[in-house]
Structure formats: structure tokens, C-alpha cells
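Given next are the chains, with one letter for each unit.
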Amino acid sequence: MLKNRLLLAGIILVLVFSLISGCNESKTIKIGTIQPISGQVSAYGIQTRDAIAMAIEEINANGGVLGKKLELIVEDDEASPEKTTNAFKKLTAKDKVVAIIGALTSKCTLAITKEAQAKKVVLITSSSTNDTVTDAGEFIFRACYNDSFQGQVNAKFAYETLKARRAAILYDITNDYSKGLMSNFKAKFEELGGQIVAIESYSTGDKDFNAQLTKIKASQPEVLFIPDYYSTISLIAKQVRGQGMTIPMMGGDGWDEITNNAGDEVIGCYYSNHYSPDSDDEDVKAFVTKFREKYNITPNALAALGYDAAYILADAIEKAGSLDPVKIQQAMMETDKKMVTGYIRFNEKRNPVKSAVMLKVVKGADGKLTTEYAGTVNP
Amino acid sequence: MGFLHEFLQQMVNGLSLGSIYALLALGYTMVYGIVKLINFAHGDILMLGAFGGFFVLAAYGVTPLTFVLALLVGMIVCAVVGIVIEKTCYKPLRNAPRINALITAIGVSIFIENGARVVKVIGPNPKEFPTFKTVNFPIGDVNISQIQIIVFVVSIALMFLLTYIVNHTKLGKAMRAVSFDRPAAYLMGINVDWIISFTFALGSALAAAAGILFASAYPQVEPYMGIIPGLKAFVAAVLGGIGSIPGAMLGGFIMGIAETLTKGFISSQLADAIAFGILILILVVKPSGILGKNVSEKV
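Since the model is a prediction, treat every value here as computed from it, not as a measurement.

Conventions we followed
Residues numbered from 1 in each chain as written. Chains lettered and ligands numbered in written order. Predicted model: local features only at pLDDT ≥ 70, side-chain atom pairs only at ≥ 80, totals over all residues. Helix = DSSP H or I, 4+ residues; strand = E, 2+ residues; numbered from the N terminus. Rg over C-alpha atoms; globule rule 2.2 N^0.38 Å. Buried ≥ 20, exposed ≤ 12 C-beta atoms within 10 Å, placed from the backbone. Contact = placed C-beta atoms within 7 Å. Axes fitted to C-alpha atoms, helices over the stretch in contact; angles between N-to-C directions. Parallel < 35°, antiparallel > 145°, perpendicular 65-115°, else oblique. Left-handed = near helix turned anticlockwise from the far one by under 90°. Nonpolar A, V, L, I, M, F, W, Y, C, P; charged D, E, K, R; others polar. Domains from an automatic or database assignment.

Of the regular secondary structure elements, chain A holds 13 helices and 14 strands. Its C-alpha atoms give chain A a radius of gyration of 22 Å, near enough to 21 Å, the size a compact globule of 379 residues would have. Considering only C-alpha atoms, chain A reaches an extent of 80 × 50 × 40 Å along its principal axes. Residues classed as buried in chain A amount to 54% of the 379 residues present. By sequence separation, contacts in chain A at least 24 residues apart represent 66% of the contacts at least 6 residues apart.

The next subject is the packing of helix H3 (residues 64–90) of chain B against helix H8 (residues 192–217) of chain B. Residues and elements named next belong to chain B. Look at H3 against H8: their axes get within 7 Å of each other, and the N-to-C directions meet at 140°. By the criterion of interaxial angle, the relationship of H3 to H8 is oblique. Judged by the twist between their axes, the crossing of H3 over H8 is right-handed. When H3 is examined against H8, the residues Ala70, Leu71, Gly74, Met75, Val77, Cys78, Ala79, Val81, Gly82, Ile83, Glu86 and Lys87 are found in contact with a partner set consisting of Ile196, Ser197, Phe200, Ala201, Gly203, Ser204, Ala205, Ala207, Ala208, Ala209, Gly211 and Ile212. The class makeup of the residues in the contact of H3 with H8 is 16 nonpolar, six polar and two charged.

How big an interface is tends to be reported as the loss of accessible area on association of its parts. Every contact between the two is made by 27 residues of chain A and, on the other side, 25 residues of chain B. Of all the elements in the fold, those that place two or more residues in the side of chain A that touches chain B are strand S7 (195–202), helix H8 (210–218) and helix H9 (230–242) of chain A. In the side of chain A that touches chain B, the residues fall into six nonpolar, 15 polar and six charged.

Turning our eyes to something else, we now look at the domain arrangement of chain A. All names here are of chain A. Domain assignment breaks chain A into domain 1 (28–145 + 280–346) and domain 2 (148–273 + 357–377). Each of domain 1 and domain 2 has a C-alpha centre, and these two points are 28 Å apart. On the domain 2 side, the residues contacting the 15 residues of domain 1 number 14 residues. Looking at the side of domain 1 that touches domain 2, the elements that each hand over two or more residues are helix H2 (42–61), helix H4 (106–110) and helix H12 (301–320). If you tally residues by element for the side of domain 1 that touches domain 2, the top one is H4, at three residues. Here the residues of the side of domain 1 that touches domain 2 sort into seven nonpolar, six polar and two charged.

Shown next, in the form of C-alpha cells:
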């Protein structure tokens, strides 16, 4: 009997404590973020997380949102969709966050958009460019342009600026981001009058591309489009040059950080990106200076997008005047502001309409690889 | 580019890949030959070896001399790691049912992979492996890069060295004796514990060399890098006849060439399916593998 009573007393105690701590929690507004802090694209995840944290610190220093402080809860998904799903469940069920920034890669974001829509959780991904990401419904937003635009930008650049007429594509068939860019590049390049002479594929995690590259070389392309992330690109680039191919390679925003992760093989290659840290724009300059002071490195494009995403969300919560997801969603749709990565206004598919920059990889004066502005393409 | 020329180019690619598989397969086959254990941690030894080489090359830059130094350091470190793993994890289980040792091997593998993720100097994020600047040697229309040549030559040299040790030295004789009949070898005065440790050291050193060659050809090192090559090399060892040293070499080359030719002429999506399909086919026709001996169970 005594045992039972002790148990009962214990349960009551736990309940009371959880109520008290529950009250404490409502003093802050919880924002969750799911980023690949470790693994293949950690250079993106770490900077995006740091940029979001910096934005939230600034917002809190300026009085927070709705009179409360924002609290950021970070989850690592290692760029693996299963882990993204687990992180999403934890953030919504245990932490009860108001909204989520993430995930970073398209593949991971696609794993949670349906659930976020069903649970009415406002989700804004800073950098998932795959076209279908926002298809799940009105609660899913993004801070970047999408792949149909990015693929077109690359195709246009290859055809008009590089004057290429024969292009080859090597892409990751198991990655939504890579697949989306491949089909958009192909469609636009052919529409412009160019010829796609070879399309070869591989799977995530492959290390040997010599067989595919031998085939590509035999088709004599003038440019090679490789839409993937920097860590795979550095492997592919090495083998491209090892096969004796000297043509320029191109890619999307997944190439960001390539200068810190590849050798001289990528000199003379081009990629599309969301912003250039060397830009004269006032917002960009202010952001780059603040980020450098705080973290001692130049922020990549993903960091800039994460920073913007955090501000879009905070502004929307403030405007909504409540934590009701439906009201936040409506306020998000009214976003209309100049930010670091450009002027943000959402279209009916909750995609921001903004321009892309093309960057060229060059060798800097200090012997390290760096990028050079190669042009802006407007939507 | 004609078909023949493309075929030759793909053969070059395949031989280079296959020699790495072969080198790794040797470790599986030697350990199995001696203690009848599939050492699933073998692929992770490859990873440790690659990191050993990584630290040497990152510290001293890439020259032919530092490359040899990297190979030596990686091989010695991994030989020691191999002995430690054998002494601490497998030796206590030597008389336990075989399945226990097998599960321990899987455990060791998971421990090394995730341990490497946590350790500060290795960490979870991929690192670029310092390697030679690519130089190409076009022979006719076929292009061979100097890394492919290095991979091929170093592997073949190590395989010859191993064959010499096993067939022409006293240690090799002792290894063969232990493999053939352990209690009898023990009764003849062979230090069985020492020979088993030596076998692990030798296999692990070869895995380390394979790791550094692998990382030179595919310049990226990360904690999970050994899983897929480990798996493929295991298949190569079984294909060639597990326990047989020439079999492991043959199996490795078959795997590498089959994978490359499938990617080159059929579809890159079918590469692994066809490579593993060959395994099934050969095991159906010859269950002990291509060069494996058919040993009847002693009752």
C-alpha cells in the first residue's frame, strides 16, 4: 500500500513540476531548426546554424518578438532524411516549437513537408531548391529560388556566355536536388538550341566515376554540368581531369564552399549562387561584416539564406501578433522586404522571386582558390 | 572514339579499382583462412589507414618520399590496431561458437566507425585527402593517369610481397600450418597465438595500404569511407574462394572490372546488382568460390 502511495505522490510531483516548467517555457518563443551539422554537407549546416543563431541574437537584443525572447533549438540530421523525420518529431512533440527553419537539403526537407503541412507547423527551408518542396501545402515556405530557375540560369549561361553547343550531364539519380537541376538544365539548354550529348548518373556515396566519365568523354561535350554538393564535386572533378578532359564544369548552389574543399581541378569552373559576399549591396556588407566579426570566416550563401529565413519568420510572428500557425502563415505571405539575398516577396507557390549570380572559380593572389563574380541572371 | 578504344579505357579504370578491392580482399581471406572468422571490421581498418596517411601527407606535403612515408606509417599503425583488436576482442572468443565472434566483429566495426566520428582529430566531416597533381599518360587514345599507375603498381608489389611471405618464409610456413590444422601446429611447437596476431597485423597493414591508395584515387576521407569498399572486397574474397590468397586477388580484379564495365556499357544503376549477381552465379556453380578448395566436413 505504502509503495502505491509513494508512487502516486511521485506522479503528482512530476505532474506539478512539468506544469511549472511548462509555465516557464511560455516566456520564450521556441523556434526549431534542423541542419546537417555533421556529415557530407556539414560546411553548409554549421554556417546556416550560426547565421540563424546570429539573427536570433540580434532580434532578442532588439527586444525580441511579441515582447518575448526567441529560443533556438538545433537538431542535427546529418543530411539523412530518416534523421530529419526523427528531428521533426522531436521538435514538434517534445519541444513544441512554434515554427521550424529547415531542413537544408531538398531530400531531407521533402521527408517532412507533408507532416508539417498536416500538423500545421510553419516550415521555412532556407536553401532547399527542389521545385516540389513547397508542393505539400500553404505552410511550407523557402528563402531561396528554386531549381527550375537555377537550371535555366545555368543552361542560359552555358549557351550564351560560354557559347557551348554540346553539353554533358553527370548527376546523382538518388538525390532530388540533383535530379531536379538535371531535368531543368536539359530542358532549357535544348530549348535554346543546344544539344545534350550525354546524360550519366550515379548514386549518393559513390566514389568511382571513371566509367561514366569515359563515356562522357567519348561524346565530346564542350561543357559538363554536375549538379551536386561540394564534397562529391571535388571527387568528380579530380577524376574528370584524370581522364584528360579539360572542358569547364558547371553546377548549382551546391558548389558553394567548393573553394575550401577541392584542388586546382576546379579552376575555371562556374556555378550559380544566391549571393556574392563581395557585393556592394549595403545589406550584404553589413551581414558579412557582422558574421566575420562573430565567427571569423566569410559567410557562404547558405549562411546568408539562413539569416534571411530567420528574419522572415520573426517578422511574420511579430506581424501576426499571435503564435497561431494560421495567422503566422498569413503574415508570412505578406512578406515584402529587401534582405541580404535580395528582395523577398513570395509568389502563390511560396517561392521568393529573386535573381541569381554566376561565380567563377579562380586562383586568388594568396594561392588559394576563390570565386569571381561572373554575372547576374534575373528571373 | 571507337568501341575498342572505349573498352580498353574502361579496362584500365577497372583494373585500377580492382587492385584496391584485391588488396583489401586479401585481409579477409587470410584471417578467415587462419581463424575461420569474417573480420567485418576490416573495411574500417582501411579508413584508419587512410587517416594515418592523411595526417602524414597533411603535415609534410605530397612528394613521392612522403607518400612512401604515409604508406609506412598507415601500415604500421593499422598493424598495431589489428593486433590490439585481435587480442582484446577476438582472442577471448576463440573457442566460443563462431557466430559470437562474427557478431563481435560487427560490433568492432560499428565501434570504430562511430568512435572515429567522435574523436576530435578525425571527426564526422569529410576531409580532402592531399594527393598528387593529376598527370596523364595517353597511350594511343587510351588515357592513364599517374594515380591509376601508382595504385596498380603498389598493389601488385604488395601482393607479390605477401605471396613471398606466405610461401617462402618460415613465418609463412607457420601460418599455413596453423591454417591447415591448428592443434597439430600447436603440438609441433608453433606459437599459435603469435601467428594469429601476425596474420591480423599483415592483413591490417594491407588494408591500410588499400586505404591510402583508395584515398589517393578518390581524395576524400571520412569515418564511413570503409564500409562500401569493405563490403565489395568481402564479396571479392568469397567470389575467389575464401581462404585462398590467389583467389582473393582474382576476385578483386573480377569485381572491379565487372563494376566498371557494367557502368560503362550497360547502366550505372545496375553496376552493383550485376557485380553481386556474378557472385551468386559463381556460388551456385562452384560453392567454394573460383579457387576455393572443397573441404569436406570432418565428422
